[in-house]
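Below are the chains, spelled out letter by letter.
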Amino acid sequence: TIALQHGAHGVGRRRDAAMEKWRAYGLGQFVHWGLYSIPAGEWNGKQYNGAAEWIKSWKEVPATTYDSLMYQFNPTKFNAESWAATAKQMGVKYVTITTKHHDGFCLWPSKYTNFTVANSPYKKDIIGPLVKAYDRRGIDVILYFSIMDWHNPDWRYDIKTREDSVAFDRFKQFTRNQLLELLTLYPAAKGLWFDGTWDKSWVKQAAFADSLEKEMRAMRPGLIIGSRFRADEYGKRHFDSNGNMMGDYEQGWERKIPEKITDVHGNDWDCVMTVPENQWGYSKIWKGHIKTTDELLEMLAKCVSLDGNFVLNFGPKPDGTLRTEELDLAKGIGAWMDTNSEAIYNGEYAGLVKQDWGYYVKKTGTNKIYMLVFNVPVSGALNVVLPSRTAISKVYDLGGPGLSYVPEEIGTSTYFIHLKQQTFKRPFVLVLETADNSKNSGAQYQKAK
Ligand SMILES: C[C@@H]1N[C@@H](c2nc3ccccc3[nH]2)[C@H](O)[C@@H]1O
């Protein structure tokens with residue numbers, strides 16, 4: 001191994017209560033809201049073909065004109081309680097909210113810059129009411145913060161000259177000031193989701209970022225910070241020069257999901273996902289494929305089955321209301337969660353052979369295994385292979401009270417569960433209770449004929 005001062009500071013999963021709670025969330029909500037929500041991907045009648053929250057980077061958009069959008073920010077219909085109520089009904093256990101995106105506009109009245117809600121017609125703090133509304137419903141709040149800040153004149157993409165270095169030192173102090181300010185103003189926040197940390201200027205700040213992370217953790221014991229915040233002294237990000245993950249969970253799964261358990265290296269992780277292909281901030285026109293409720297439920301199931309959390313993005317409108325398509329998805333996911341959320345919350349990788357019909361989730365600390373079924377075979381028979389000397393002792397359907405199954409044993413710890421009906425409109429969940437049958441515990445199952 002390589003001697004590192006600023007690499008990973010722990011190996012393996014955090015076992016404290018705050019992280020165990022994070023590990024159990026299963027489903028989260030991301031909220032991207034800011035000045036970019038006003039142009040919504042359009043400028044002078046032309047469509048920006050990137051992600052709407054990146055419109056300031058478009059050469060057709062003069063930075064000063066973009067920044068004067070601050071004087072139009074007045075979300076008269078914003079109601080933190082209604083956003084939180086929608087999220088509650090959807091069944092999310094945590095929310096990640098943009099405090100400052102790459103454009104540098106702050107949704108809280110920071111005293112370290114004028115580029116905040118305080119100087120907009122709206123005037124009021126947005127973050128405080130959101131933290132309160134979500135927290136009091138038992139939904140934990142994580143604050144998203146972009147290190148890259150296109151508004152701050154001291155931001156640099158790289159540090160080449162003495163002047164760059166002097167400016168970036170000011171920028172580092174500004175960043176530290178804002179982060180300590182956020183932790184002070186919003187003590188209920190459970191973590192920070194860092195973004196905009198890929199440029200050379202920040203990648204060169206291994207020592208500074210490491211000491212800032214230590215300072216924030218000391219200020220807020222239990223604070224959860226992901227792998228995207230800092231680089232080690234050799235410029236390695238997410239995983240240090242010895243291959244160990246920095247931070248408490250892997251933040252590499254942006255709009256993508258791991259395929260198999262070895263892809264996650266035994267770490268905690270979250271997948272952050274957009275409804276359209278790649279729009280985080282509100283975009284008037286959603287081009288390309290828009291994910292349906294069932295597609296998103298399958299992504300959720302896949303993430304939880306591989307030890308991760310699935311975080312679905314919402315891009316509220318400039319007036320502060322949520323767009324219809326997102327409200328409909330929240331309702332559809334919520335309706336499914338009303339019946340099946342016990343297969344999502346406190347779920348983990350079951351360690352079973354993956355089958356085509358869907359995903360296994362094991363309830364942490366129990367021998368209860370859920371079968372989240374998305375693909376019913378034409379045979380109607382779901383194949384289940386358990387570790388040897390393990391037997392199925394009971395199978396029942398979460399959705400249909402009294403709908404239980406007697407599995408057919410077709411080999412050692414190998415079964416078919418014969419579904420009773422052929423057509424299913426929605427994904428459904430079967431609960432497997434297993435027992436050790438090394439002493440042939442007489443589990444209730446049919447002998448193969
Ligand atoms: C969570 C997501 N991360 C930001 C982002 N910026 C990127 C630049 C290059 C490649 C991927 C990016 N994701 C997106 O704007 C959104 O905030």
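Keep in mind that what you see is a predicted model, and the values were worked out from it rather than measured.

Caption draft 1: Geometry of the pattern of salt bridges. One pass over the structure, following the stated rule, counts 38 salt bridges. Note that E42 is salt-bridged to K284, the shortest N-O span being 3.7 Å. Note that E42 is positioned in strand β2 (residues 42-43) and K284 in the loop between β9 (269-273) and α8 (293-305), a separation of 242 residues in sequence. E42 sits in the partly exposed class, given a relative accessible area of 26%. Between R156 and E163 there is a salt bridge; the shortest N-O distance is 3.1 Å. A residue is classified by how much of its surface remains accessible, and R156, at 16% relative accessible area, is buried. When salt bridges that share partners are traced, they join R14, D16, D210, E213, K214, R217, R230 and D248 into one network.

Caption draft 2: Examining the sheet that holds strand β17 (residues 408-411) more closely. Spatial ordering of the open sheet is given by β14-β18-β17, a layout of three strands whose pairing is antiparallel. The open sheet is flanked by β14 (381-385) and β17, the only strands paired with a single partner. Within the sheet, the average angular offset between the axes of one strand and its neighbour, ignoring direction, is 30 degrees. Judged from the three bridges that link them, β17 and strand β18 (residues 414-418) form a sheet pairing that is antiparallel. Its bridge partner being in β18, G411 is matched across the sheet by T414.

Thresholds applied
Residues numbered from 1 in each chain as written. Predicted model: local features only at pLDDT ≥ 70, side-chain atom pairs only at ≥ 80, totals over all residues. Heavy atoms only, no water. Salt bridge = Lys/Arg side-chain N within 4 Å of Asp/Glu carboxyl O. Helix = DSSP H or I, 4+ residues; strand = E, 2+ residues; numbered from the N terminus. Buried < 20%, exposed > 50% of the residue type's maximum accessible area, 1.4 Å probe, protein only. Pairing = 2+ DSSP bridges. Axes fitted to C-alpha atoms, helices over the stretch in contact; angles between N-to-C directions.

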